[in-house]
Amino acid sequence: MFEAQLVEGKTFKAIIEAIKDLVVDCNLDCSEEEVAIQSMDSAHVSLVAVRLSASAFSNYRCDRPNSLGINTANMSKILKMLGKDDSITFKAEDESPDSLTMLFEGGKSTIADFELKLMDIETEQLGIPDTPYQCTIQMRADEFQRIVRDLQVLGDTCTISCGKEGVRFSVTGAIGNGNILVRSSDEDKDKVTINMEEPVELNFALRYLNFFTKATPLAENVVISMSPDVPVVVEYPIEEFGHVKFYLAPKIEED
Amino acid sequence: MFEAQLVEGKTFKAIIEAIKDLVVDCNLDCSEEEVAIQSMDSAHVSLVAVRLSASAFSNYRCDRPNSLGINTANMSKILKMLGKDDSITFKAEDESPDSLTMLFEGGKSTIADFELKLMDIETEQLGIPDTPYQCTIQMRADEFQRIVRDLQVLGDTCTISCGKEGVRFSVTGAIGNGNILVRSSDEDKDKVTINMEEPVELNFALRYLNFFTKATPLAENVVISMSPDVPVVVEYPIEEFGHVKFYLAPKIEED
Amino acid sequence: MFEAQLVEGKTFKAIIEAIKDLVVDCNLDCSEEEVAIQSMDSAHVSLVAVRLSASAFSNYRCDRPNSLGINTANMSKILKMLGKDDSITFKAEDESPDSLTMLFEGGKSTIADFELKLMDIETEQLGIPDTPYQCTIQMRADEFQRIVRDLQVLGDTCTISCGKEGVRFSVTGAIGNGNILVRSSDEDKDKVTINMEEPVELNFALRYLNFFTKATPLAENVVISMSPDVPVVVEYPIEEFGHVKFYLAPKIEED
């Protein structure tokens, strides 16, 4: 039996909203420690990794590890019905369950329960090495979202360079070019922390960065970790309880 | 001469907005007692009945009963110009009038007057028997709207069953199924009153229930009346002055 | 060298938004006194004239008059990235510059700079005679916008008649007709001032009036100046610093 109640149901809703444009089908991997999702996007360009610790739930019970295969669009349809302050209780059988039951309860006179059909999804769990990064940038998630969205009007590829003066996001395109420089700042409202061992400059597809920023409602800050020649990590920490991480390989410049 | 002023012009606007997706052309039936509309929807599946008592108007004058045939989409276009706090004064000749004059007046320096062309519409007035119903449910109109809208993502047909524990709205579809249970509640903000003689369970097309909920802005509460094998009545009472009622026959289950 | 900082960058953004649906390409004519735009719309029906006095800028420097040919849609794309409280610093070389540099700076940890490619645009500067008008109407810009937008649902041509009782906007169309009368008013919130030597009645294409009202965010009031047989002027004064003016020839009634 898997059974767990998430008091802030909207966190789960925000996770599904964050990944559903990237990932069509995925497993909810439930274990004693956590509910996790790991999936390449449908074009096999980026990787999504979600973790919700068992401690994020009330009454967490997972008798044996189980992979619940969901279609994210269908899950999203059901979560549309979640009230703003509703909790979600998940329930599934241990032995190849056909469906995942979800109970939405608020303080109101209404209770809703849904059964989402499950499917078998073949996946290969990728081991992600926990390497140190040469640059780590922490900034407001909504500011990162704005930069990525804005720069898309200029071109497809964004150069992110982390150096002494700060982090520079640059795009060159047909109508001109643009640079947005974000500097370290201790201002409370607008804090930017940059840890840099060596300057790093990498190119990324704005289209994917833009997908990642769908996770903005989950976290106040985003953490961007970069080293030369390895995928960038764009992490949205979910306060106390887990994270949504996106990995994207840099574009190789053609000469 | 028909002449009448509705101080809260927005009530008339909300009525037209509530019915215009269902009813293309209809008569405003003006008499000494009331302005009324009765019309099948264009697919002849549901029935709309509107009543605005003469007492809802100031300076109500209707020298002889008259049917003013309007196109609801055109009426809606003109009502788009109604200011939030404007009154509407209606004027029409007695003898087969060509047009209905409407005057929009607010407290401001602006007065607007419009003439909407009228048309001849053949209708047959249906006598609606005023029968008692086995179940009558009164609940917040916006909550009913939310349930109907939400369940539409799961399927086309909604089973409404009224029993001891409350009213259950159920839908079964390709991606899974859902139930929303609404229980009696005395909470002021979220009051639900259920009067039940016998349990009733009926199936309805969600598409039509959804059309009906366009009347939500007209009333805080909706009253749903059901008996086996007869059309459900979904009533939006207009405080003191009338109502908008929708009738919809239940779907017959195929075996 | 042309270099100038506009502290309220959003004013420039609002100007470009106001004209970009009418004018595809235009010159920013920079001189010692002002930055100006003058252009026919792409269908050569109306004329747009913008003026921003040098005094609107800080650190204004224009060594020699220069015409910077921009595409308004591309300029608008870049201005999408302007923060709400950002200033804009413009920079361009004197000798046939390839690009216009714009610096967006707010109080925040972020600085953005953009280079917009410039183009050569052939224009013929039209001398606009500064004639007195028989009627001048000053009214709230948002009220004028509402009237123009509302009346469009009735027809294509609006008759504006200025007479003793006020200004009447009239439209006749297939579904009926409408008149909106705006009277002089001293009310602070809703002030309407009408200066009339002789009554004037002219017909205009609502489509163009509607384009002009894109300038509504620039000014609290709009000033409409009319004389028989000459183009109407719809002016949006930019407080202290300039204006956006639109000129539109009246429609000739066919008999």
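Analysis parameters
All residue numbers refer to positions counted from 1 along the written sequence of the respective chain. For this description, chains carry letters from A and ligands carry numbers from 1, given in the order in which they are written. Local features are withheld for residues below a pLDDT of 70 in this predicted model, meaning they are given only at 70 or higher, and side-chain atom pairs are given and counted only at 80 or more; totals for whole chains, interfaces and linings count all residues. Based on all heavy atoms of the structure, the side-chain values leave hydrogens and waters out of the count. Secondary structure counts use DSSP, requiring at least four H or I residues in a row for a helix and at least two E residues in a row for a strand, with both numbered from the N terminus. Two things to know: the radius of gyration comes from C-alpha atoms, and the globule rule equals 2.2 Å times the number of residues to the power 0.38. For every residue, the accessible area (1.4 Å probe, protein chains only) is compared with the maximum for its type, and the residue is labelled buried under 20%, exposed over 50%, or partly exposed between those bounds. The contact criterion used throughout is that any non-hydrogen atoms of two residues lie within 4.5 Å. Here the open area of atoms and residues is found with the Shrake-Rupley method and a 1.4 Å probe, where only the protein chains shown may cover a residue. In this count, Lys and Arg are taken as positive residues and Asp and Glu as negative ones, while His and the chain termini are left out. In plain terms, the charge of a residue is placed at NZ if it is Lys, CZ if Arg, CG if Asp and CD if Glu. UniProt positions are given in the numbering used here, feature names are shortened, and annotations may be inferred rather than shown by experiment. Fitting of the copies onto one another was done by least squares over C-alpha atoms, counting residues only where both copies have pLDDT of at least 70. Among the buried residues, those of types Ala, Val, Leu, Ile, Met, Phe, Trp, Tyr and Cys that are joined through side-chain atoms within 4.5 Å form a nonpolar core. Summed over both partners, the accessible area lost on bringing two parts together, with a 1.4 Å probe, is the buried area. In what follows, salt bridge is the name for a side-chain nitrogen of Lys or Arg lying within 4 Å of a carboxyl oxygen of Asp or Glu. Between N or O atoms, a polar contact is any pair within 3.5 Å; within protein, one atom must be a potential hydrogen donor and the other a potential acceptor, and residues adjacent in sequence are included only when both atoms are from side chains. Just so you know the grouping, Ala, Val, Leu, Ile, Met, Phe, Trp, Tyr, Cys and Pro go in nonpolar, Asp, Glu, Lys and Arg go in charged, and all remaining residues, Gly too, go in polar. Between any two strands, pairing holds if DSSP finds at least two bridges. Note on definitions: angles span 0 to 180 degrees between N-to-C directions of axes, and those axes are lines fitted to C-alpha atoms, for helices only across the stretch in contact. Just so you know how the angles are binned, under 35 degrees is roughly parallel, over 145 roughly antiparallel, 65 to 115 roughly perpendicular, and the rest oblique. Left-handed describes a crossing whose near helix is turned anticlockwise from the far helix through less than a right angle; right-handed describes the clockwise counterpart. For the purposes of this description, domain bounds are those given by an automatic or database domain assignment.

### Quick look at the overall build of chain A
And step 1. The helix and strand inventory of chain A stands at four helices and 18 strands.
And step 2. In terms of C-alpha radius of gyration, chain A reaches 20 Å, essentially the compact-globule figure of 18 Å for 255 residues.
And step 3. Across its three principal axes, chain A shows a C-alpha extent of roughly 55 × 40 × 35 Å.
And step 4. Looking at chain A as a whole, 56% of its 255 residues qualify as buried.
And step 5. Across chain A, every contact between residues at least 6 apart in sequence was considered, and the portion connecting residues at least 24 apart equals 64%.
And step 6. Of the roughly 12000 Å² of accessible surface on chain A, 45% is carried by carbon and sulfur atoms.
And step 7. Looking at charge distribution, chain A has the averaged site of its 24 positive side-chain charges lying 7 Å from that of its 44 negative ones.

### A short note on the UniProt feature "domain: Proliferating cell nuclear antigen PCNA N-terminal" (unreviewed entry) in chain A
And step 1. The sites that carry the UniProt feature "domain: Proliferating cell nuclear antigen PCNA N-terminal" (unreviewed entry) are, in the present numbering, residues 1-124 of chain A.
And step 2. Along residues 1-124 of chain A the backbone is 15% helical and 47% strand, and the end-to-end C-alpha distance reaches 24 Å.

### With respect to the UniProt feature "domain: Proliferating cell nuclear antigen PCNA C-terminal" (unreviewed entry) in chain A
And step 1. When the UniProt feature table is mapped onto this chain, "domain: Proliferating cell nuclear antigen PCNA C-terminal" (unreviewed entry) is found at residues 127-251 of chain A.
And step 2. For the annotated span residues 127-251 of chain A, helix accounts for 14% and strand for 46% of the residues, and the straight-line distance between the end C-alpha atoms is 22 Å.

### Some points on the relation of the copies chain C and chain A
And step 1. Each copy of the sequence occupies a distinct position, and chain C is placed on chain A by a rotation of 120 degrees and an axial shift of 0.0 Å, giving an RMSD of 0.0 Å. These values place the two chain copies in the arrangement generated by a three-fold rotation axis.

### Remarks on the nonpolar core
And step 1. Among the nonpolar cores identified, the biggest contains 247 residues, and A:L151, B:L151 and C:L151 are the most heavily contacted of them.
And step 2. Ignoring sequence-local partners within four residues, the contact set of A:L151 consists of A:C158, A:F169, A:V171, A:I180, A:L206, C:M81 and C:F114.

### Quick word on the interface of chain C and chain A
And step 1. Between chain C and chain A, the contact holds 16 residues from the first and 22 residues from the second.
And step 2. Surface buried jointly by chain C and chain A totals about 1600 Å² across both partners, of which 46% is contributed by carbon and sulfur atoms.
And step 3. Seen at the junction of chain C and chain A, the total is zero salt bridges.
And step 4. If you look at where chain C meets chain A, you find eight residue pairs in polar contact (both at pLDDT 80 or more).
And step 5. When residues in the side of chain C that touches chain A are grouped by element, the largest group, eight residues, is from strand β9 (residues 110-117) of chain C.
And step 6. Tallied by class, residues from the side of chain C that touches chain A come to six nonpolar, four polar and six charged.

### Observations concerning the sheet that holds strand β17 (residues 232-238) of chain C
The pairing of strands in a sheet happens through backbone hydrogen bonds and is either parallel or antiparallel.
All names here are of chain C.
And step 1. Judged by pairing direction, the sheet is antiparallel, and its nine strands sit side by side in the order β6-β2-β3-β4-β18-β17-β16-β10-β14 without closing on themselves. Of all the strands in the sheet, the pair left with one neighbour each is β6 (66-71) and β14 (193-196). In this sheet, neighbouring strand axes are inclined to one another by 15 degrees on average, regardless of whether the strands run parallel or antiparallel.
And step 2. Strand contacts of helix α1 (residues 9-19): β2 (25-30), β3 (34-40), β4 (46-53), β6, β17 and β18 (242-248), with the helix running at about 175 degrees to β4, the strand carrying the most contacts.
And step 3. On the sheet, helix α2 (residues 72-79) packs against β2 and β6 and is oriented at approximately 80 degrees with respect to β6.

### Quick notes on the interface of chain B and chain C
By a widespread convention, an interface's size corresponds to the accessible area lost as its parts come together.
And step 1. With 16 residues of chain B at the contact, the number on the chain C side is 22 residues.
And step 2. Contact between chain B and chain C buries roughly 1600 Å² in total, counting both sides, with carbon and sulfur atoms accounting for 47%.
And step 3. Across the chain B-chain C interface, the total number found is zero salt bridges.
And step 4. Counting across the chain B and chain C interface gives eight residue pairs in polar contact (both at pLDDT 80 or more).

### Observations regarding the side chain of A:T213
Residues and elements named next belong to chain A.
And step 1. Looking at where T213 falls in the secondary structure, it is placed in the loop between α4 (206-212) and β16 (221-226).
And step 2. Residue class for T213 comes out buried when judged on its relative accessible area of 2%.
And step 3. Within polar-contact distance, the side chain of T213 engages the backbone oxygen of N210 at 2.7 Å.
And step 4. With sequence-adjacent residues up to four places away left out, T213 is seen in contact with F144, Q145, V148 and Y236.

### As for the packing of α1(C) against α2(C)
Residues and elements named next belong to chain C.
And step 1. Running from amino to carboxyl end, α1 crosses α2 at an angle of 140 degrees, the nearest separation of the two axes being 10 Å. Judged on the interaxial angle alone, α2 and α1 are oblique. Here α1 runs over α2; the crossing is left-handed. Seen from α1, the contacting residues are F12, K13, I16, E17 and I19; seen from α2, they are T72, M75, S76 and L79.
And step 2. When its residues are assigned to classes, the contact of α1 with α2 shows five nonpolar, two polar and two charged.

### As for the domain arrangement of chain A
Residue and element names in this part refer to chain A.
And step 1. What the domain assignment reports for chain A is domain 1 (2-117) and domain 2 (135-248).
And step 2. If you average the C-alpha positions of domain 1 and of domain 2, the two centres end up 28 Å apart.
And step 3. Each partner contributes to the interface: domain 1 provides 21 residues, whereas domain 2 provides 15 residues.
And step 4. Carbon and sulfur atoms supply 69% of the area buried between domain 1 and domain 2, which totals about 1500 Å² over both sides.
And step 5. Taken as a group, A18, L22 and R51 account for 28% of the area that domain 1 buries against domain 2, more than any other trio of residues on that side.
And step 6. The tally of links from domain 1 across to domain 2 stands at zero salt bridges.
And step 7. Our count for the domain 1 to domain 2 interface comes out at five residue pairs in polar contact (both at pLDDT 80 or more).
And step 8. Per-element tally for the side of domain 1 that touches domain 2: the top contributor is strand β4 (residues 46-53), with eight residues.
And step 9. Grouping the amino acids of the side of domain 1 that touches domain 2 by side-chain chemistry returns 13 nonpolar, four polar and four charged.

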